[in-house]
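Okay, here's what each chain looks like letter by letter:
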Amino acid sequence: MLEVDLVITNVKLATMNPEIPNPYGLVEQGAIMIKNGKIVWVGPQSDMPQFDALATPLHDGKGQLVTPGLIDCHTHILFAGNRATEFEQRLNGVSYQQIAQNGGGIASTVRATRQADMESLFVAGKTRLNSLLREGVTTVESKSGYGLDCENEIKLLEVNKLLNEHHPVDIQSTFLGAHALPPEYKDSADDYIDLVCEQMLPLVAEQNLAVAVDVFCENVGFSYEQTKKVFTKAKQLGLKIKCHAEQLSNQHGSELVAEFSGLSADHIEYLDEQGVIAMAKAGTTAVVLPGAFYFLRETQLPPIELLRKHQVPMAIASDFNPGTAPLCSLRLMLNMACTLFRMTPLEALQGVTIHAAKALGLNDRGMLKEGLRADIALWDIEHPAQLSYQFGVSDLSNLWISGKLIQY
């Protein structure tokens, strides 16, 4: 007789397990058994092992759909201030360059974030996490990148740590010190990269404040060689590699990520087949960010067909940030991935479960499978495609993180 902490019965399972041949790894009449925060059995209810029904909590899913908890694998949730007035200015014909010259753009967010204390950043981050939690999100990657000096980059990563300790959503912390040039290094990018490599990265590693390092490799960000320097130092320190790559032009950042056996290349609108092949060989995940594409009114689509052709896993994320994607909704991203990028609902759901987990280097979640974390979302819907088809309706019935029922 199996000893368990919770049994969820009478559910349709979208396991997302590729070992199950049905689309979505679907099990029509299913059940899940949980012990110590992990799934110990999942499958057809008719095959469920014996357990002590009198001593074990039971949850009747009433025929609703269960998926793994959703994963938002690329966000910038920690920042202060907002850029709504700049949004209005751009719509009234003021160029981004003019706004930047007047102290706007990322510089305004950096200013506000440097002035903010940890408490206010924590409260802002918690509010944004709560929004994602209500959509069934159980894991969020949170980047630094709006401090751009030692003190404030560390401050952001320390807030990530506090959020991870005091919020039910699991936070995966990424250091993005090479996000943009701070005003004090306006004309000396190489010197700033030296600061990132020689001072910031060692502190991040020593204090165990991040699991990964990201760089904005772009003609308005950092060059291929500067990015390589950061990656080299990060790898020496045992940190995983990610990259904002090929968003506005092809700087071959995705190939560089692949060269370092990195986790993911993100944005990738200008990625070419050479880069796709390199990613496929390295096992690097492609992270598409339809929110930024939409908000910036871009026209260059990511190479979805090439990614399919070479079987590169495609993850989807919100990229929530104040400048280019102020859209704190992973469910909206599911719909946008289908409508804007022509991904299928199956690809979209894979993109926020199994492939999003891979983009973060996590092999303990993203599927409903024995031995994995019991991050489980119960939805009042009939078919998994509804998660991409419909937006704005509250259809999340229950959410468990590591087997614990979450009030959201």
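Residues numbered from 1 in each chain as written. Predicted model: local features only at pLDDT ≥ 70, side-chain atom pairs only at ≥ 80, totals over all residues. Heavy atoms only, no water.

A. Spotlight on the pairing of strand S10 (residues 240-245). Among the six residues of S10, five are classified as buried, and the element is accordingly described as predominantly covered. The sheet contact formed by strand S9 (residues 212-217) and S10 spans four bridges and is parallel. Residue pairing across strands places phenylalanine 216 opposite histidine 244, the latter belonging to S10. Handedness of the crossover joining S9 and S10 through helix H7 (residues 224-236) is recorded here as right-handed. As paired strands, S10 and strand S11 (residues 264-267) are joined by four bridges and run parallel to one another. Bridge assignment links lysine 242 to a residue of S11, and that residue is serine 264. (Buried < 20%, exposed > 50% of the residue type's maximum accessible area, 1.4 Å probe, protein only. Helix = DSSP H or I, 4+ residues; strand = E, 2+ residues; numbered from the N terminus. Pairing = 2+ DSSP bridges. Right-handed = clockwise from strand over helix to strand, strands pointing away.)

B. Layout of the environment of alanine 245. On the secondary structure map, alanine 245 appears in strand S10. Judged by relative accessible area, alanine 245 falls into the buried class, the value being 0%. Taking the C-alpha atoms as reference points, alanine 245 and tyrosine 270, separated by 25 residues in sequence, lie 8.4 Å from one another. When near neighbours in sequence (up to four residues on either side) are disregarded, alanine 245 contacts Cys217, Gly253, Ser254, Ala265, Asp266, His267 and Ile268. (Contact = heavy atoms within 4.5 Å.)

C. Main features of the UniProt feature "binding site: N-formimidoyl-L-glutamate" (unreviewed entry) in the protein chain. Taking the UniProt record as the reference, the feature "binding site: N-formimidoyl-L-glutamate" (unreviewed entry) is found at Tyr146, Asn321 and Gly323. A compact arrangement is adopted by the annotated residues: their sequence extent is 178 residues, whereas the largest C-alpha distance between any two is 11.3 Å. On the secondary structure map, asparagine 321 appears in the loop between strand S13 (314-316) and helix H12 (330-339). Excluding residues within four positions of it along the chain, asparagine 321 makes contact with His76, Phe79, Tyr146 and Pro326. In terms of polar contacts, asparagine 321 uses its side chain to reach the backbone amide nitrogen of glycine 323, at 2.8 Å. Along the chain, the position of glycine 323 falls in the loop between S13 and H12. (UniProt positions renumbered as here; feature names shortened; annotations may be inferred. Polar contact = N/O pair within 3.5 Å; in protein donor to acceptor, adjacent residues only side chain to side chain.)

D. Looking closely at the side chain of arginine 373. Assignment of secondary structure puts arginine 373 in the loop between helix H14 (354-359) and strand S14 (376-379). Once residues lying within four places of it in the same chain are set aside, the contact partners of arginine 373 are Gly37, Lys38, Ile39, Asp170, Asp364, Arg365, Ile401 and Ser402.

E. Main features of the packing of helix H4 (residues 118-133) against helix H5 (residues 150-166). Where H4 contacts H5, the axes come no closer than 10 Å and their chain directions differ by 50 degrees. Taken as axis vectors, H4 and H5 run oblique relative to one another. Relative to H5, H4 is oriented so that their crossing is right-handed. Contacts between H4 and H5 involve Met118, Leu121, Phe122, Gly125, Lys126 and Leu129 from the former and Lys155, Leu156, Glu158, Val159, Leu162, Leu163 and His166 from the latter. (Axes fitted to C-alpha atoms, helices over the stretch in contact; angles between N-to-C directions. Parallel < 35°, antiparallel > 145°, perpendicular 65-115°, else oblique. Left-handed = near helix turned anticlockwise from the far one by under 90°.)

F. Structural context of the UniProt feature "binding site: Fe(3+)" (unreviewed entry) in the protein chain. Per the UniProt annotation, the sites labelled "binding site: Fe(3+)" (unreviewed entry) are His74, His76, His244 and Asp319. The greatest C-alpha distance among the residues just named is 12.3 Å, despite their covering 246 residues of sequence, which places them together in space. Its place among the elements puts histidine 76 in the loop between strand S6 (70-72) and helix H1 (84-91). Filtering out sequence-adjacent residues up to four positions away, histidine 76 remains in contact with Lys143, Ser144, Tyr146, Leu176, His179, His244, Asp319, Phe320 and Asn321. Looking at where aspartate 319 falls in the secondary structure, it is placed in the loop between S13 and H12. For aspartate 319, a relative accessible area of 1% corresponds to the buried category. Residue contacts for aspartate 319: discarding those within four places in its chain leaves His74, Thr75, His76, His267, Leu289, Ala292, Thr324 and Ala325.

G. Spotlight on the pairing of strand S8 (residues 170-178). Burial runs high along S8: nine of the nine residues are buried. Alignment of strand S7 (residues 137-143) against S8, held across five bridges, turns out to be parallel. Residue pairing across strands places glutamate 141 opposite glutamine 172, the latter belonging to S8. As defined by bridge partners, S8 adjoins S9 across three bridges and the pair is classed as parallel. Paired with threonine 174 across the bridge in S9 is alanine 212.

H. Region of interest: the domain arrangement of the protein chain. Under the domain assignment, the protein chain is made up of domain 1 (6-69 + 365-405) and domain 2 (70-242 + 308-360). Listed per partner, the contact involves 25 residues of domain 1 and 28 residues of domain 2. Buried area between domain 1 and domain 2, summed over both chains or domains, comes out near 2000 Å², and the portion from carbon and sulfur atoms is 66%. When residues of domain 1 are sorted by the area they lose upon contact with domain 2, Arg365, Ser388 and Phe391 head the list and together hold 29% of the total. Along the contact surface separating domain 1 from domain 2 lie two salt bridges. Across the pair arginine 365 and aspartate 170 runs a salt bridge whose closest N-O atoms are separated by 2.8 Å. Counting the contacts that link domain 1 with domain 2 gives nine residue pairs in polar contact (both at pLDDT 80 or more). Residue composition of the side of domain 1 that touches domain 2, by class: 15 nonpolar, six polar and four charged. (Domains from an automatic or database assignment. Buried area = accessible area lost by both parts, 1.4 Å probe. Salt bridge = Lys/Arg side-chain N within 4 Å of Asp/Glu carboxyl O. Nonpolar A, V, L, I, M, F, W, Y, C, P; charged D, E, K, R; others polar.)

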